[in-house]
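# Inside the fold
Spelled out, the chains give:
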Amino acid sequence: MNPKRGRTGRRRKKKVLGTSTGNPSHERQYVRLMRWMKERGFRDKRLRTAHFPDTGRGLMSAQRLQPGEIIISLPESCLLTTDTVLSSYLGKYIRGWRPPVSPLLALCTFLVLERYLGAQSPWQPYLDVLPRAYDCPVYWEADTVNFLPDPVKQKAMKQRRTVQELFSSARPFFRSLNPLFPDIVEEILTYEALRWAWCTVNTRTVYKKHAQRECFTAEPDVYALAPYLDLLNHSAGVQVEAAFNEKSRCYEIRTMVQYKKFQQVFICYGHHDNQRLLLEYGFTAANNPHQSVYVTKDTILQFVSINDKQLQKKWSLLKENGFLENLTFGRDGPSWRLLTACRLLCLGADELYEMCFVFNHHTCWKKVLLGSFVSESNDRTSMELVRKICLHCRRPGCGRGYWISSQKSEKSADPHLVLVEALRREESEILTSSADVLQKEDAI
Ligand SMILES: C[S@@+](CC[C@H](N)C(=O)[O-])C[C@H]1O[C@@H](n2cnc3c(N)ncnc32)[C@H](O)[C@@H]1O
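Model, not experiment: these values are computed from the prediction.

The rules behind each value
Residues numbered from 1 in each chain as written. Predicted model: local features only at pLDDT ≥ 70, side-chain atom pairs only at ≥ 80, totals over all residues. Helix = DSSP H or I, 4+ residues; strand = E, 2+ residues; numbered from the N terminus. Buried ≥ 20, exposed ≤ 12 C-beta atoms within 10 Å, placed from the backbone. Contact = placed C-beta atoms within 7 Å. Near = placed C-beta within 6 Å. Nonpolar A, V, L, I, M, F, W, Y, C, P; charged D, E, K, R; others polar. Pairing = 2+ DSSP bridges. Core = buried A, V, L, I, M, F, W, Y, C linked by C-beta atoms within 7 Å. Axes fitted to C-alpha atoms, helices over the stretch in contact; angles between N-to-C directions. Parallel < 35°, antiparallel > 145°, perpendicular 65-115°, else oblique. Left-handed = near helix turned anticlockwise from the far one by under 90°.

### With respect to the overall build of the protein chain
From N to C terminus, the protein chain includes 18 helices and 14 strands. Taken over 444 residues, the protein chain has a buried fraction of 31%. In the protein chain, the share of contacts with a sequence separation of at least 24, taken over all contacts with a separation of at least 6, comes to 69%.

See below:
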């Protein structure tokens, strides 16, 4: 009996498809990729590609994996770095170009040109499995970016400017490549192509440090595209060790958690909140333990007295000491940085420069920045200020606690609006939770 026929066979087939990407042309791409990797010395069979309902394409365990076990070991010959670029046809153009290009631009240019070369590129099997587009804000419609909460919106706009500026500044270098692709180099190295390559590098590279080279700008050269390994998705809850092993000359990832056979295998991209995941990787993670709500300087300024003669001085002290960045609310209340900034802003006129002889002769403002108690009144007024800020952030119209349903119906085809909505929903939950914590503290 043919095991693929009949009910059992059909069930068995369904199960296999359920764990694969389910698309035959994609399947062929992975077969080609694996063959190509094998030619380059990759022998691993511990992971395999799969499609997951919540995270999309990823890798799953083909066997039980134990904590401490290496889950993937990628030979150096599979890595695409600036070494690859310099040893290619682009090398002499990069070495001869002044002012030097950045390592990032070199990689991006190489990716675009190799994609253009198609079957002539030795990297084709890898390039074929790369996404055609990304979900980072640089890909979004300008209108959609406007729906982001303010601090993320600023960063998203900065990201768009960064890529636009990179493109503008790179055009003379691109034109210098004319001898390689007469007449059409500007049609290949377009803004859209550079944006794709920029996102490819930013969302998929692993860290591999290269010594600084004269042919590049001084920006850190730390990128390595790692075929197949870059199919691993992110989870905040896993611990891995990942590094290039100088002895084995392989990029290795070791899991610190256990996986059953057929479970999705994750790595952790860093202790990132959802704003950062959205900006850098184009997704938000449900139940992200690092999620927080950012408070802008402008919001804080709305609630401090403009009659405070020391306001400017206090503001400069916060700025000089790096306390005007990353001011957040979390599920367990305001962050220490936000609280500290508020405590400094609430120091009384006579308190700011008052010397404290008990604590290393520091002035009160210094004491606040070091996290020490100053006075009951400072504690009370700063908590009031934090509560006001929290209340303000929760207000509909502040741009956080309301739903963007009207836009949603008009723009239901915009997948990025879903990301904005997820971010806003989570922010609203965090602010509610923060407000509860603040209320409880008030009651004590
Ligand atoms: C290094 S790649 C991982 C493989 C990727 N899923 C793919 O199909 O090519 C990083 C990208 O995967 C997606 N991703 C990673 N972790 C995710 C997660 N937990 N949930 C949703 N998307 C995730 C994001 O699009 C991110 O930019």
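Past the structure itself, the notes keep going.
### Some words on the site of the ligand
Around the ligand, a shell composed of 18 residues is seen, among which R57, N233, H234, Y281 and F283 lie nearest. Secondary structure elements with two or more residues in the shell around the ligand: β2 (56-61), α10 (191-204) and β6 (233-234). For the shell around the ligand, the element with the highest residue contribution is β2, accounting for three residues. Here the residues of the shell around the ligand are counted per class, giving six nonpolar, eight polar and four charged.

### Quick notes on the sheet that holds strand β1 (residues 47-52)
Hydrogen bonds between backbone atoms are what pair the strands of a sheet, whose relative direction is either parallel or antiparallel. Within the open sheet, the four strands sit side by side as β1-β2-β9-β6. Their pairing is mixed. Looking along the sheet, the strands with just one partner apiece sit at the ends: β1 and β6. Pairing analysis gives two bridges linking β6 to strand β9 (residues 264-267), with the strands arranged parallel. Of the residues in β9, the one forming a bridge with N233 is F266.

### Digging into unusual backbone geometry
The peptide bond linking R98 to P99 adopts the cis configuration, its omega dihedral lying at -10°. Structurally, P99 is set in the loop between α4 (91-96) and α5 (103-117). Even without a glycine there, the phi angle at R249 is positive, about 55°. Positive phi, normally seen in glycine, also occurs at F262, with a value near 75°. With respect to the helices and strands, F262 occurs in the loop between β8 (250-255) and β9. With 15 C-beta atoms counted inside 10 Å, the residue F262 sits in the partly exposed group.

### Some remarks on the nonpolar core
Burial of nonpolar side chains together is a common tendency in soluble globular proteins. Counting residues in each nonpolar core, the largest one holds 56 residues, and the members touching the most others are L74, C108 and L229. In terms of residue count, α5 provides more of this core than any other element does, nine residues in total. When neighbours within four sequence positions are excluded, L74 is seen to be in contact with F42, L79, A226, Y228, L229, C250 and Y251. By size, the runner-up hydrophobic cluster in this structure holds 28 residues, among which are V295, L318, A341 and I430.

### Considering the packing of helix α16 (residues 376-394) against helix α18 (residues 415-443)
At their nearest, the axes of α16 and α18 sit 10 Å apart, and the two run at 150° to each other. In terms of orientation, α16 and α18 fall into the roughly antiparallel class. Here the hand of the crossing between α16 and α18 comes out left-handed. For the pair formed by α16 and α18, the contact residues are M383, V386, R387, C390, C393 and R394 on the first element and L431, S434, A435, L438 and E441 on the second.

### Here's the deal with the environment of S102
One can find S102 in the loop between α4 and α5. By C-beta crowding, S102 is classed as partly exposed, having 18 other C-beta atoms within 10 Å. Ignoring anything within four residues of it in the chain, the contact list for S102 reads F216, T217 and E219.

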